[in-house]
Amino acid sequence: MAGGLESGEAGLERHIPPEDLAEVKRILYGGEARKLNLPAAALSEAQERHFELQGYGFEAAPEQLRRPRVVRVGLVQNKIPLPTVTAVAVQVAALHRRIEAIVEVAAMCGVNIVCFQEAWTMPFAFCTREKLPWTEFAESAEDGPTTKFCQELAKKHNMVVISPILERDDIHGGTLWNTAVVISNSGAVLGKSRKNHIPRVGDFNESTYYMEGNTGHPVFQTQYGTIAVNICYGRHHPLNWFMYSMNGAEIIFNPSATIGTLSESLWPIEARNAAIANHCFTCPINRVGTEYYKNAFTSGDGGKAHHDLGHFYGSSYVAAPDGSRTPGLSRTQDGLLVVEMDLNLCRQVSDKWNFKMTGRYEMYAEKLTEAVQPYFVPNIIKE
Ligand SMILES: NC(=O)NCCC(=O)O
């Protein structure tokens, strides 16, 4: 349910007495995030184009030997602009136009790396279990029309673009994957990262469509920092975040599609905890709106057949390695969140808390190797 609440933060601002608000935010959010001074032209374009624009910044302490490594990321959340019965090519074109308009504003705000929501070129139709027309939205990650479109955006705006799509892998028998394509600011395709964990919960029937990813935990060395993409349900797997971090990711994006009744109470916790545990920035992004399907589907739970998966609650935010976070974008509106961060904060927090240094990885590696064997005997001490 969307309910009447625009965002959790709006609720706090409305109901917490002004004299307590700063302390409440310190306890809940690790402090009041610094507001970015975004260009007036960008704010008015966002208003004109009907999306929310918010900007925040995270600082690091000055160092003697390293210059600040300041980067601006842009997180985009959006509704599907057309009904799901519209012709596939028309829906894709409308989404391209919508994203193009938002990315133009991101460029005005000096964004260096932009990330879109999971499967951004299509409705999140995996709940239906119907193959057509949904599999027709799948494209080549290397040279499909959406990748070409994003390459143009990247070159035009000198921006790294993370484009999560439904991938059709023609060199492997047309296999489908849920894939984030990472495009350098030069316009070159740097590579791709496939979704490792596929949900088996509620109406998220994604295993009907595509396979568990086989690209591991790649990180991408960009001009602006070392980045990785942990797609949606991978958010619930601490070891998945950890593996990207082990490969050196300083920013881990988490393009998602998830609904209020299922996960809204988990949303503020999981990515934020991953930022703390791995001394990195995390950027969870969720789509917005309710998407309706012509044919009703059931949840296999004896309940009534229905035409929608539920309300995608947006609320995209950024969490920093020191545990602080930005407010979330709206629960109901399209939005662009611009966040400036000094990546030096990652090592500074690591040197303070030493989670990487104190992690007993060799002990876990040895025991995990045993635990995944079929005849593993758990270490339980009995009387
Ligand atoms: N897209 C996706 O994996 N959704 C599953 C639900 C969730 O992870 O909250």
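Residues numbered from 1 in each chain as written. Predicted model: local features only at pLDDT ≥ 70, side-chain atom pairs only at ≥ 80, totals over all residues. Heavy atoms only, no water.

Looking at this structure, how should I read the overall build of the protein chain?
Helices and strands together make up the secondary structure of the protein chain, namely eleven helices and 14 strands. A compact globule built from 383 residues would reach a C-alpha radius of gyration of about 21 Å, and the protein chain, at 21 Å, matches this within 12%. Its C-alpha atoms give the protein chain principal-axis dimensions of roughly 65 × 55 × 45 Å. A buried classification covers 54% of the 383 residues belonging to the protein chain. Relative to all contacts within the protein chain whose residues are 6 or more apart in sequence, the contacts with residues 24 or more apart total 71%. A total accessible area of about 17,600 Å² is found for the protein chain, and carbon and sulfur atoms account for 57% of it. (Helix = DSSP H or I, 4+ residues; strand = E, 2+ residues; numbered from the N terminus. Rg over C-alpha atoms; globule rule 2.2 N^0.38 Å. Buried < 20%, exposed > 50% of the residue type's maximum accessible area, 1.4 Å probe, protein only. Contact = heavy atoms within 4.5 Å. Areas by Shrake-Rupley, 256 points an atom, 1.4 Å probe, with all protein chains shown as cover.)

Which parts of the structure should I look at to understand the site of the ligand?
Lining the immediate environment of the ligand, one finds 14 residues, of which E118, K195, C232, H236 and T258 sit closest. The contact in question runs from an oxygen atom of the ligand to an N or O atom on the side chain of R235, over 3.0 Å. Taking H236, its side chain carries an N or O atom lying 2.6 Å from an oxygen atom of the ligand. With the chains in place, 99% of the 280 Å² that the ligand exposes on its own is no longer accessible. Residue classes in the shell around the ligand are distributed as seven nonpolar, three polar and four charged. (Near = heavy atom within 4 Å. Polar contact = N/O pair within 3.5 Å; in protein donor to acceptor, adjacent residues only side chain to side chain. Nonpolar A, V, L, I, M, F, W, Y, C, P; charged D, E, K, R; others polar.)

Please explain the environment of N273 as it appears in this structure.
Within the secondary structure, N273 is located in helix α8 (residues 267-278). Distance in space between the C-alpha atoms of N273 and P321 is 9.0 Å, their sequence separation being 48 residues.

Help me understand the side chain of H217, please; the structure alone is not making it clear to me.
Locating H217 in the fold gives a position in the loop between β7 (189-194) and β8 (220-222). A distance of 3.3 Å separates a polar atom in the side chain of H217 from a polar atom in the side chain of N196. Contact partners of H217, with chain neighbours within four places excluded, come to N196, N240, M243, Y244 and N247.

Would you take a moment to explain the nonpolar core for this structure?
In summary, soluble globular proteins display a tendency toward joint burial of nonpolar side chains. Membership of the largest hydrophobic core comes to 34 residues, with the highest contact counts inside it found for V73, I113, I251, F253, F281 and V318. Excluding residues within four positions of it along the chain, V318 makes contact with F58, V73, L75, F281, T282, C283, S324, R325, T326, L337, V339 and M341. (Core = buried A, V, L, I, M, F, W, Y, C linked by side-chain atoms within 4.5 Å.)

What should I look at first to understand the sheet that holds strand β4 (residues 113-115) in this one?
Within a sheet, neighbouring strands are paired by backbone hydrogen bonds and run either parallel or antiparallel to one another. If you walk across this open sheet you meet the eight strands as β1-β2-β14-β3-β4-β5-β6-β7, and the pairing is mixed. Two strands bound the open sheet, and with one partner strand each, they are β1 (34-35) and β7. The strands touched by helix α4 (residues 88-108) are β2 (52-58), β3 (70-77) and β14 (335-342); relative to β14, the strand with the most contacts, the crossing angle is about 35°. (Pairing = 2+ DSSP bridges. Axes fitted to C-alpha atoms, helices over the stretch in contact; angles between N-to-C directions.)

What's the story with the pattern of salt bridges in this structure? I'm lost.
Working definition: two side chains of opposite charge can pair if their charged atoms are close together. Counting across every chain of the model gives 27 salt bridges. Between K25 and E32 there is a salt bridge, with the nearest N and O atoms lying 3.0 Å from each other. Overall, K25 belongs to the buried group, its relative accessible area being 9%. Note on E32: relative accessible area 56%, which makes it exposed. Put simply, E167 and R194 hold a salt bridge, and the shortest N to O gap is 2.9 Å. Remark: R194 occurs in strand β7 and E167 occurs in strand β5 (residues 160-169); sequence separation between them is 27 residues. Owing to a relative accessible area of 1%, E167 belongs among the buried residues under this scheme. (Salt bridge = Lys/Arg side-chain N within 4 Å of Asp/Glu carboxyl O.)

What exactly am I supposed to notice about the sheet that holds β8 here?
Read across the sheet, four strands follow the order β8-β9-β10-β11 without closing on themselves; strand pairing throughout is mixed. The open sheet terminates on both sides in strands that have one partner only, identified here as β8 and β11 (281-286). When strand polarity is set aside, the average angle formed by the axes of neighbouring strands in this sheet is 25°. Relative to strand β10 (residues 251-256), strand β9 (residues 225-229) runs parallel, the two being bridged by three bridges. Following the sheet pairing, V229 is matched in β10 by F253. Strands β9, β10 and β11 of the sheet are contacted by helix α6 (residues 238-246), whose axis makes an angle of about 140° with β10. Along the sheet face, α8 touches β10 and β11 and points at about 155° away from the line of β11.

Sorry, what's going on with the packing of α4 against helix α5 (residues 145-157) here?
When two helices pack together, you describe them by how their axes are tilted relative to each other and by the distance separating the axes. In contact at an axis separation of 11 Å, α4 and α5 are set at 15° when each is read in the N-to-C sense. When the axis of α4 is compared with that of α5, the two are roughly parallel. Once α4 is placed against α5, the crossing between them reads as right-handed. Residue-level inspection shows V92, H96, R97, I99, E100, V103, E104 and A107 of α4 in contact with α5, the latter providing P145, T146, F149, L153, K156 and H157. A breakdown of the residues in the contact of α4 with α5 according to their chemical character gives seven nonpolar, three polar and four charged. (Parallel < 35°, antiparallel > 145°, perpendicular 65-115°, else oblique. Left-handed = near helix turned anticlockwise from the far one by under 90°.)

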